[in-house]
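Fold and geometry: a report
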Amino acid sequence: MGDIEVVKDISVVPEVHFLEQVLERIAQGELRVPKFQRPFLWRPEQMLQLFDSMERGYPMGSLLIWETTMPLESLDTIGGRGIPPAPEGAKVAYVLDGHQRLSTLFGVLHRSADGPRSARQEDWMWWVYRPLVRSEHDGVRYRHQKSGEPVPSHFLPMRSVLGTLDFLEYARTLSVSHSREEADRLTKESERIAKRVKNYKVSVVRMEGGTLQQAIEVFSRINSSGQKMRPDQMVSALTYGTIGSETLSDKMEEIKGRIAASGFGEIPIMTIFQTVLALSGEEDVYGDTSWETMARKVQGQLTTAVEDTDLILQQVVEFLREEVRVPLARLVPYNIQIMLLAVFFHFSDKIEAEQRVKLRHWFWTTSLAGTFAGSTTTQVRKFITEMKAFARGKGGLSYSAERARSFPERFDLRSARVRAYLLWDLQTFPDRKNLDGGTANVLEQLATAHSETYRHVITQSGVPGASSPANRIVMTTPPGVSIRQALIRLAEDGRTDILDSHGVSLASIEHLKADEFTGFILARQHELAARERQFIESLGIKSADKEVGETDIDTE
């Protein structure tokens, strides 16, 4: 008979420890955070709330740890503090639930006196103080000191409450900067707070035995402190160790960074994750999939799928930029389009010129018609199957709706129809000019801002139609000069070249001169909608029955 692997069942032991003891185990390298954990995500105000809850005696929730002799890749810093390696040959505990809380407590309470201080959040967030003067509280017992100004002497640095020498040094500063009576009062208050922290008891659930896979599955099912795991993080945890020392999340972040560095901007991690799954052969990449089951199915294909995704997404970006003329990721109407294009390029042996033309038509039709709005798991599976067949030359591409939606009545970048309009707008007016005749760098502005790039012409509230894209212009004006004033001045000076570069007619500006604000918007809206309709019909796409329609908020 062959060897049979004997796996010890997981045993669970509930315990209660003083907080000081738990943090000391971290400092000794005996309690660690595995690399498959999510990064530190808490906001500074959440950190302050934790200390406030502790002082009030509120429970902060149980910590879940897994004790094992199995070596496991873990973080070498917690809460911005370096920790020593795990003791060789000793049983080590790994945090499965409580990373955010422990990082906050360790990073603040074990902060070294010479720790970095700066105006950057990654530095000042770890310096937490407790004002000892009651009038300083203003409902908030704890605070950060963000500025470079000296910290008031009556602000107790929380890093000093666990160290006897540090606490004595702080008490001496009180005796120097305050009267004896006031110093005694403040010292007693600081002693009370330090005692609260030292005596704070933590509920610890200790797991022993079991396999790494079992421990990760426990971890993956936890929703702790409101930081719910995304599907990509869950599968990353469940497939830990299958693609080397880096996790799936690490690999996807690298891909995301590479694409962003190319100037295309950031593709959402969930889109990259769905692409990895699709290229590994899966079609259930959307919705309420059982991610534990999914992880087991794709585990053997992940290394290849991640490498393929890295290469294929570069092809997708090139196609979008060069052939569809989509300059930025944030203007892609539906992120599912990126994943489906990746499926095409991955499963195509040889890409024909005719296929590229059809893909371009597919992109514009699905963008304008709202094909992917509210897609279900079943629909996405069908889209993937269809795209695979098309890539292999064994089928065509069908659309759920072939008629374009109307010109959007509102400018809202959460709408796929508005993003499609902007793509047309950028192609139609590529060389917009400012008042001085210089070219406006629209893409550079869009890369850092959204709606702020397209400025309102009519800014008065309550004007009908003011939210229309027709009331937006990309133009820089001098201080004190509004877009409306600039347009009128250009018309009076006969600078039709600048007006034409923005698609603004002299006829529409006559409404501005007469303070007929709604008239201007409607006139320009009619002109833009007519020009966009010509483009839509030139692609062989049916235009909408109505000129203007409701703007659906339907991007992922």
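Residues numbered from 1 in each chain as written. Predicted model: local features only at pLDDT ≥ 70, side-chain atom pairs only at ≥ 80, totals over all residues. Heavy atoms only, no water.

Points about the overall build of the protein chain
When its secondary structure is counted, the protein chain shows 21 helices and 14 strands. By principal-axis analysis of the C-alpha atoms, the protein chain measures approximately 80 × 80 × 35 Å. Here the protein chain holds 556 residues, and 51% of them are scored as buried. Counting contacts in the protein chain only where the partners sit at least 6 residues apart, residues at least 24 apart contribute 73% of the total. (Helix = DSSP H or I, 4+ residues; strand = E, 2+ residues; numbered from the N terminus. Buried < 20%, exposed > 50% of the residue type's maximum accessible area, 1.4 Å probe, protein only. Contact = heavy atoms within 4.5 Å.)

Comments concerning the sheet that holds strand S10 (residues 201-208)
A sheet is described by the order of its strands in space; here 5 strands give the open sequence S1-S10-S3-S6-S2, paired in mixed fashion. Looking along the sheet, the strands with just one partner apiece sit at the ends: strand S1 (11-18) and strand S2 (31-32). Inspection of the sheet shows S1 paired to S10 by 8 bridges, in the antiparallel sense. Paired with valine 16 across the strands is serine 203, a residue of S10. Running at roughly 110° to S1, helix H1 (residues 19-27) makes contact with S1, S2, strand S3 (63-68), strand S6 (92-97) and S10 of the sheet. (Pairing = 2+ DSSP bridges. Axes fitted to C-alpha atoms, helices over the stretch in contact; angles between N-to-C directions.)

Let's talk about the nonpolar core
In this structure, Leu320 and Trp362 are the most contacted members of the largest nonpolar core, which totals 104 residues. Not counting residues within four places of it along the chain, the set of residues in contact with tryptophan 362 comprises Gln337, Leu340, Leu341, Phe372, Met387, Leu397 and Tyr399. Counting residues in each nonpolar core, the second largest holds 44 residues, with Met60, Leu105, Trp126 and Leu186 among its members. (Core = buried A, V, L, I, M, F, W, Y, C linked by side-chain atoms within 4.5 Å.)

Quick look at unusual backbone geometry
Even without glycine at this site, arginine 325 takes up a positive phi of about 65°. With respect to the secondary-structure elements, arginine 325 resides in the loop between helix H12 (302-324) and helix H13 (335-347).

So, the pattern of salt bridges
Scanning the entire structure with this criterion turns up 38 salt bridges. Among the salt bridges present, the one from arginine 120 reaches aspartate 123, with a minimum N-O distance of 3.3 Å. Bridged by salt links that share partners, the residues Glu15, Arg25, Glu30, Glu67, Lys91, Arg206 and Glu208 form one connected network. (Salt bridge = Lys/Arg side-chain N within 4 Å of Asp/Glu carboxyl O.)

Observations regarding the pairing of S10
For S3 and S10, the ladder comprises 5 bridges, and the chain directions are parallel. Bridge pairing in S10 links leucine 64 to valine 205.

Some words on the side chain of serine 501
Note on placement: serine 501 falls in the loop between helix H19 (496-500) and helix H20 (506-513). At a separation of 3.1 Å, a polar atom in the side chain of serine 501 contacts the main-chain amide nitrogen of lysine 433. Not counting residues up to four positions away in its chain, the partners in contact with serine 501 are Phe429, Asp431, Arg432 and Lys433. (Polar contact = N/O pair within 3.5 Å; in protein donor to acceptor, adjacent residues only side chain to side chain.)

A closer look at the packing of helix H9 (residues 248-264) against H12
Following both chains from N to C, one finds H9 and H12 inclined at 20°, their axes separated by 11 Å at the closest point. Our classification of the angle between H9 and H12 gives roughly parallel. Relative to H12, the crossing made by H9 is right-handed. Contacts between H9 and H12 involve Leu248, Lys251, Ile255, Arg258, Ile259, Ser262, Gly263 and Phe264 on the former and, on the latter, Leu302, Val306, Thr309, Asp310, Leu313, Val317, Leu320 and Arg321. (Parallel < 35°, antiparallel > 145°, perpendicular 65-115°, else oblique. Left-handed = near helix turned anticlockwise from the far one by under 90°.)

Digging into the packing of helix H14 (residues 353-369) against helix H15 (residues 377-391)
The N-to-C vectors of H14 and H15 enclose an angle of 155°; their axes lie 11 Å apart at closest approach. Between H14 and H15, the crossing angle belongs to the class labelled roughly antiparallel. Along its contact with H14, which presents Gln355, Lys358, Leu359 and Trp362, the element H15 presents Met387, Phe390 and Ala391.

Focus: the environment of arginine 524
Within the secondary structure, arginine 524 sits in helix H21 (residues 517-538). Linking arginine 524 and arginine 196, residues 328 residues apart in sequence, is a C-alpha distance of 67 Å. Each residue touching arginine 524, except ones within four places of it in the same chain, is listed here: Pro469, Ala470, Arg472, Ile473, His502, Gly503, Val504 and Ser508. A polar contact is formed between the side chain of arginine 524 and the backbone oxygen of histidine 502, at a distance of 2.7 Å.

Quick word on the sheet that holds strand S7 (residues 128-131)
The 3 strands lie next to each other as S8-S7-S9, forming an open sheet whose pairing is antiparallel. Among the strands making up the open sheet, the edge pair consists of strand S8 (143-144) and strand S9 (155-157). With 3 bridges joining them, S7 and S9 adopt antiparallel strand pairing. Residue pairing across strands places arginine 130 opposite leucine 156, the latter belonging to S9.

What about the layout of surface pockets?
In this structure, the largest pocket occupies an estimated 560 Å³ of space. If you go around the largest pocket, you meet 30 residues; those closest to its centre are Lys35, Gln37, Arg38, Pro39 and Leu75. Partitioned by chemical class, the residues of the lining of the largest pocket number 10 nonpolar, 12 polar and 8 charged. Quantified by volume, the second largest pocket comes out at close to 300 Å³. Lining of the second largest pocket is provided by 15 residues; of these, Pro157, Arg159, Glu169, Tyr170 and Thr173 occupy positions nearest its centre. Only S9 and helix H5 (164-177) provide two or more residues apiece to the lining of the second largest pocket. Tallying contributions element by element places H5 first for the lining of the second largest pocket, with 4 residues. A class-by-class count of the residues in the lining of the second largest pocket yields 8 nonpolar, 3 polar and 4 charged. (1 Å grid on protein atoms, 1.4 Å probe; cavity = no way out; pocket = protein on both sides within 12 Å on 5 of 7 lines; lining within 4 Å. Points joined across faces, edges and corners; volume = space filled by probe spheres on them. Nonpolar A, V, L, I, M, F, W, Y, C, P; charged D, E, K, R; others polar.)

By themselves these figures say nothing about function.
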